[in-house]
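This is what each chain is made of:
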Amino acid sequence: MIDLFGKRRAIKKDMDRELLLNIKKMKHEWETLNTIIEQSIEPSEDGLKDLAVVKAKYFYLLREARYRGINALS
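Just so we're clear, the structure is a prediction, and the values are computed from it rather than from any experiment.

Asks: When you look at the packing of aromatic side chains in this model, what are you seeing that I'm missing?
Replies: Think of a pair of aromatic rings as described by two things: how far the centres are apart, and how the planes are tilted against each other in angle. Counted under the stated rule, the structure contains three aromatic pairs. Ring centres 5.3 Å apart and planes at 45 degrees place the aromatic pair W30 and Y58 in the tilted group. A residue pair is termed long-range when its members are at least 10 positions apart, and W30 in helix 1 (residues 4-39) and Y58 in helix 2 (residues 45-68) qualify at 28 residues. On the basis of an interplanar angle of 70 degrees and a centroid distance of 5.4 Å, the ring pair of Y58 and F59 is categorised as edge-to-face. Clustering of aromatic rings is evident, with ring pairs tying together W30, Y58 and F59.

Calculation rules
- Residues numbered from 1 in each chain as written.
- Predicted model: local features only at pLDDT ≥ 70, side-chain atom pairs only at ≥ 80, totals over all residues.
- Heavy atoms only, no water.
- Phe/Tyr/Trp six-rings, centres within 6.5 Å; stacked < 30°, edge-to-face > 60°.
- Helix = DSSP H or I, 4+ residues; strand = E, 2+ residues; numbered from the N terminus.

This is how it looks when you write it as structure tokens:
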């Protein structure tokens, strides 16, 4: 008999790991864009829009991690 619960747990663990990697990637991207915008004398509207999109994605991923009960900040 195949252990479906074990398989589901393994899939969940892989998805959680992928979520954490995406959170770290978005945080790095957000920090990079934020640094560029802060150092710009006159930031472009496209740059500000990109920053807002990345920030929104980052916070969405953090909410998803909280929903799943995983610690995204460790």
